[in-house]
Amino acid sequence: MSTNAGSSKVSSKAARVLDASQHAFKPLEFFLVPEELNPFDDRVQIFGVSARGSDGGSKSITVRGMLQSALEQGRLDGVTELVEATSGNTGFALALMARQPPYCIENVTLVVAPDIPAPKRTMLLLAGARIIYPESGLTAIETARRLGNRWAERSGEWKPVEGRLNLDQYANPANLSLHEGWTGPQILEKLGSFDIFAAALGTGGTVIGLRNYFGARMRVTMVGVACAPGNEIPGARDVKRLAEVSLPWRSSIDTLEEVGQKQAYAMACWLTQITGQPVGPSGGMALVGLLKAIERSHGNRARGDEKIKAVFFIPDGPERYADRFEANLPSQFFNGAPDLPLQWDSILGQWNL
């Protein structure tokens, strides 16, 4: 067996080219929400759509769209380092994909909040990323933009700073490209037409891309779900923090619902335990927001004979948030079978947790 270092290096590079397909997206997963978690009984069919199978969850789709767009436009020429603000999943997907052909960018720096959950921080480090915190007086987004420029919508210019480039998921139009071109077609092919769709709001790319695709083919109510003020749900933002997002998320939704973190974690826990489908907090949040929207906007239909078909989006699973689940939920959630039916006063009210 040859021990030639040069030969080994060439073989390793070739292997990376051959294995680039490992970053192809896993198919979306679909399931019907059981009656235990559906207060409308059989008058409303509710389907969960999960992207948790891909590395980085749904953010793998976002990152691939941004990287491919930048490559095709020549924006990666001369780039030696990518800089991105992230709550975890985007950074993980970026660190994995950026090093692979055809991008081959070895250095990825992620700007994260100082209180990022330990499992997510470790995950980012394992992916090979360098982690930094926001600069004094700046948010994570502002820090990443200062270090690596940004997508400048007015001038159309997008240039690296000393070899550093910020793809800027919060303003880059390519964020939504594959949700429109890949996620949307998968959902429609599997489920057919439906009445209402809900997803958590982080960058807005998922909602915008899917609105573009669905809106051109059917009439559907799009529900954007934001964190309730003063609450923290990974990957999602409250209305105040959504002001930092430049993508046109407001014009892509028909109704906005707000959900508290305890509701989000409780629903994610129930979904995971009852359906066997691992669901992260932003997926639980999306279902709570969907139920609120159905009651608020479709209440008469839901209580009558007319059927409603509803869908909510699950960006990732619960694995990276174990400590947050324990911090937000009482111990009875982790002592075997969950208590049912739902422990809430009303769909629009506060839950008894």
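Residues numbered from 1 in each chain as written. Predicted model: local features only at pLDDT ≥ 70, side-chain atom pairs only at ≥ 80, totals over all residues. Heavy atoms only, no water.

Another aspect to go through is the nonpolar core. Counting 40 residues, the largest nonpolar core has Ile46, Leu271, Met285, Leu290 and Phe312 as the members making the most contacts within it. Where this core is concerned, the elements lending two or more residues are strand E2 (44–50), strand E7 (196–200), strand E8 (221–227), helix H8 (261–275), helix H9 (281–303) and strand E10 (308–314). Within the second largest apolar cluster, 37 residues are counted, among which are Leu28, Ala199, Val207 and Phe313. (Core = buried A, V, L, I, M, F, W, Y, C linked by side-chain atoms within 4.5 Å. Buried < 20%, exposed > 50% of the residue type's maximum accessible area, 1.4 Å probe, protein only. Helix = DSSP H or I, 4+ residues; strand = E, 2+ residues; numbered from the N terminus.)

Attention now moves to the confidence of the model for the protein chain. Across the protein chain, the average pLDDT comes to 85, with 82% of residues at or above 70. Counting interchain partners and residues more than four positions distant, the pLDDT-below-50 stretch residues 1–23 has 13 contacts. (pLDDT = per-residue confidence, 0-100. Contact = heavy atoms within 4.5 Å.)

Remark: the centre distance and the inter-plane angle together describe each pair of aromatic rings, the angle taken between the planes. In total, this model carries seven aromatic pairs according to the counting rule given. The rings of Phe194, Phe197, Tyr213 and Phe214 are connected pair by pair, giving a single aromatic cluster. Above the face of the phenylalanine 92 ring, arginine 320 is positioned so that its terminal group lies 4.9 Å from the ring centre. (Phe/Tyr/Trp six-rings, centres within 6.5 Å; stacked < 30°, edge-to-face > 60°. Lys NZ or Arg CZ within 6 Å of the ring centre and 35° of its normal.)

Following the criterion strictly, the structure yields nine salt bridges and no others. Arginine 130 is the salt-bridge partner of glutamate 81, the closest N and O atoms lying 3.7 Å from each other. Residue glutamate 81 is found in strand E3 (residues 81–85), and its partner arginine 130 is found in strand E5 (residues 130–132); the two are separated by 49 residues along the sequence. Residue classification places arginine 130 among the partly exposed positions, given a relative accessible area of 47%. (Salt bridge = Lys/Arg side-chain N within 4 Å of Asp/Glu carboxyl O.)

Further remarks concern helix H2 (residues 59–72). Taking 1.5 Å as the rise per residue, H2 with 14 residues should run 20 Å; its terminal C-alpha atoms sit 20 Å apart, in good agreement. Within H2, eleven of the 14 residues are buried, which leaves the element mostly enclosed by the surrounding structure. Residues of H2 that are buried make contact with E3, helix H3 (89–98) and helix H6 (177–191). Where H2 terminates, the next one or two residues include glycine 74, which has phi positive at roughly 75 degrees. (Expected span 1.5 Å × (residues − 1).)

In terms of burial, E8 is a largely internal element, six of the seven residues being buried. Between the parallel pair E7 and E8, the chain is carried across by helix H7 (residues 205–215), and the sense of this crossover is right-handed. Both E8 and strand E9 (residues 255–259) contribute to a ladder of five bridges, which runs parallel. Residue glycine 224 lies in a different strand from E9, and its bridge partner there is leucine 256. (Right-handed = clockwise from strand over helix to strand, strands pointing away. Pairing = 2+ DSSP bridges.)

With respect to topology, four strands assemble into an open sheet ordered E5-E4-E3-E6, the strand pairing being parallel. Of all strands in the sheet, those bounded by a partner on one side alone are E5 and strand E6 (164–165). The sheet strands contacting H3 are E3 and strand E4 (107–111), and the helix crosses E4 at an angle near 175 degrees. (Axes fitted to C-alpha atoms, helices over the stretch in contact; angles between N-to-C directions.)

This part takes up the side chain of arginine 99. For arginine 99, the position within the fold is in the loop between H3 and E4. Polar side-chain contacts of arginine 99 include one of 3.1 Å to the backbone oxygen of glutamate 106. A polar contact of 3.1 Å, which involves the side chain of arginine 99, links it to the backbone oxygen of alanine 127. (Polar contact = N/O pair within 3.5 Å; in protein donor to acceptor, adjacent residues only side chain to side chain.)

Right, let's talk about the sheet that holds E8 for a bit. One open sheet accounts for six strands, arranged E1-E2-E10-E7-E8-E9; its pairing is mixed. The strands lining the two open edges of the sheet, one partner per strand, are strand E1 (29–32) and E9. Within this sheet the neighbouring strands show an average axis-to-axis angle of 25 degrees, counted without direction. In terms of strand pairing, E1 meets E2 through four bridges, oriented antiparallel. Paired with phenylalanine 31 across the bridge in E2 is glycine 48. Against the sheet, H6 engages E1, E2, E7 and E10, with an angle of about 40 degrees to E1. H8 contacts E1, E9 and E10 of the sheet and is inclined by roughly 90 degrees relative to E9.

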